[in-house]
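# Descriptive analysis of the structure
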Amino acid sequence: MSSTSQRVLDYLEQQPGTTFTKLYQQPSTALAVFRRMLPHMAKVLVMALLYTHAPTPVTDIDMLFKTGSDTQQVKDRALSILQRLRILVEEVESMRSVYKLSPAFARSLRQALTGGGKDHRSFGVPSSTPDKTVVTLDYLDTFARQQWESILYYVVGSAGGQLAGGSRQAPVSSGTASLLAQGKFVSVRGNTRAITQAGFTFLLQEVNAQVWMLLIVYLEVSPQLQMDPVDVLAFLFTLGSLELGVSYSTSNLTPTQQRLLEDLSDFGLVYRRPSDSTRYYPTRLATTLTSDAPALPNNTLVTTATKSSAPLDTLAASANDRGYILLETNYRFYAYTSSPLPISILSLFATLHTRYPNLITGKITKTSVQSAIGMGITSAQIIAYLSVHAHPLLRAQASQHGSPILPPTVVDQIRLWQIEGERMTTWQGFLIKDLATEEDYEKAVAYAEALGVLRKEFRAKRMFFVTRMEQMGTYFKSVAARKKQEAAAREVAAREAAKKEVGL
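Rules used throughout
- Residues numbered from 1 in each chain as written.
- Predicted model: local features only at pLDDT ≥ 70, side-chain atom pairs only at ≥ 80, totals over all residues.
- Heavy atoms only, no water.
- Axes fitted to C-alpha atoms, helices over the stretch in contact; angles between N-to-C directions.
- Helix = DSSP H or I, 4+ residues; strand = E, 2+ residues; numbered from the N terminus.
- Parallel < 35°, antiparallel > 145°, perpendicular 65-115°, else oblique.
- Contact = heavy atoms within 4.5 Å.
- Nonpolar A, V, L, I, M, F, W, Y, C, P; charged D, E, K, R; others polar.
- Core = buried A, V, L, I, M, F, W, Y, C linked by side-chain atoms within 4.5 Å.
- Buried < 20%, exposed > 50% of the residue type's maximum accessible area, 1.4 Å probe, protein only.
- Pairing = 2+ DSSP bridges.

### A short note on the packing of helix 3 (residues 27-36) against helix 7 (residues 103-114)
Orientation of helix 3 relative to helix 7, taken along the N-to-C sense of each, is 90°, at an axis distance of 8 Å. Here helix 3 is positioned roughly perpendicular relative to helix 7, judged by the angle of their axes. Residue-level inspection shows Pro 27, Ala 30, Leu 31, Val 33 and Phe 34 of helix 3 in contact with helix 7, the latter providing Phe 105, Ser 108, Leu 109, Gln 111, Ala 112 and Leu 113. Residues that form the contact of helix 3 with helix 7 fall into these classes: 9 nonpolar, 2 polar and no charged.

### Some words on the environment of Tyr 11
Structurally, the position occupied by Tyr 11 is in helix 1 (residues 3-13). Residues Tyr 11 and Glu 220 lie 209 residues apart in sequence; the distance between their C-alpha atoms is 8.9 Å. Setting aside anything within four residues of it in sequence, one finds Tyr 11 in contact with Ile 216, Leu 219, Glu 220, Pro 229 and Leu 233.

### A short note on the nonpolar core
Grouped together as the largest cluster of nonpolar side chains are 115 residues, with contacts concentrated most on Leu 85, Ile 87, Leu 239, Leu 264, Phe 267 and Phe 349. Top contributing element to this core by residue count: helix 11 (residues 207-221), with 10 residues. Residues contacting Leu 85, with those up to four places away along its chain left out, are Leu 9, Leu 12, Phe 20, Tyr 24, Val 33, Met 37 and Leu 38.

### What to know about the sheet that holds strand 13 (residues 430-432)
Ordered by their spatial adjacency, 3 strands build an open sheet running 13-15-14, and the pairing between neighbours is antiparallel. The open sheet terminates on both sides in strands that have one partner only, identified here as strand 13 and strand 14 (454-458). If you compare each strand with its neighbour and ignore which way they point, the axes differ by 20° on average. Relative to strand 15 (residues 463-466), strand 13 runs antiparallel, the two sharing 3 bridges. Looking at strand 15, one finds that Ile 432 is bridged to Phe 464.

Set out below in structure tokens:
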């Protein structure tokens, strides 16, 4: 599961069961969750149960998997995600554990996969009349990039530096600025603002992850705006199912979703001419919300607006998804980009030396890294950014020789520069101990490792430390219920045996 999906999953996991019941009424939402949130094995389980209306015994599910520790981890992870998303429910019927799909989710997913009329209007309502002014894909990409980069420029500018090349920064709306502050991407005190560690994390993500980070903050504050979070989330999932370049009618939108359109236009997810227009266009930022496709195209220059509208400023494209940074073992790097945004981000943790029309040279130094650390950025964030945006040549060499993408000496040194000022690393989490048997301990550790929440194991003391407890709590409840069921079955078997013995 990608970091973006994990972030959305963490948000959904905190919601009550009624939220999922409402969400899964929409076929578009069920399809988006199925496509985006579920790993491969979880999808297999859903499809195996989708047209099985009777509850399925746990033993039948176990038969779908081969024996082995690796397979057990895959199964545990798949079942955990399905239960956390309220898609799969485990119950006890006739002294045995059974699984069944959420009725609302199963019904909506079947409708999304096989069709079922247009009455639900879950996948948007295309405008019935053609637009008088043609809106091209190039225009939508230009609009989306300009709107989104204005947000990134705002966050970069909060670090106290100038945008590279003296590029003009398009102002963000007051609502967007307030949202960035509420999400703690920037800290605002009076007339001054400063970037936070969360802001650095935001900047160093790929675009799709950035979009979801901001949207999750929007979802969290939507009750304060007198908006229904379920309506907001359902519409976001719907946007991911719409077709790029098609205009859609606002006639089927709820009042909450009508208000949401204005803010999504500020973010660049939706293009809408006047705020009272009856049609809107989803941009590539919106249509890729529930897919792994690039959120912005990899063109070198953003095209200008259509002739019929006011022209937008031409912006150099951000570093594309193929990567643009060549890093050498002597800490020098070459960044093949002309966009002021990635150049400004690089300047936060590196020393820039020379700028050519499409190339920046620089060096990662102890001073530049420790300066970034002083502002709240971490060595892990620096390394992650360099890895994500590594040039294809670095990736090809790493694949050919089976070596890391970045030079290990540089990676280790970046970490050491941070450690120089730190003597201890802490994590928030939970210590689990006092498990009844060695077998219970081994199974619990394996389950935590499969979920990716295991931080440290103290095998000699039969204790382990996890970063999240919700999933482990569900696991222990399931184990307790299963043990109770097995104990009841043994008791019934013992009584039957006693009756037979007395009869003899």
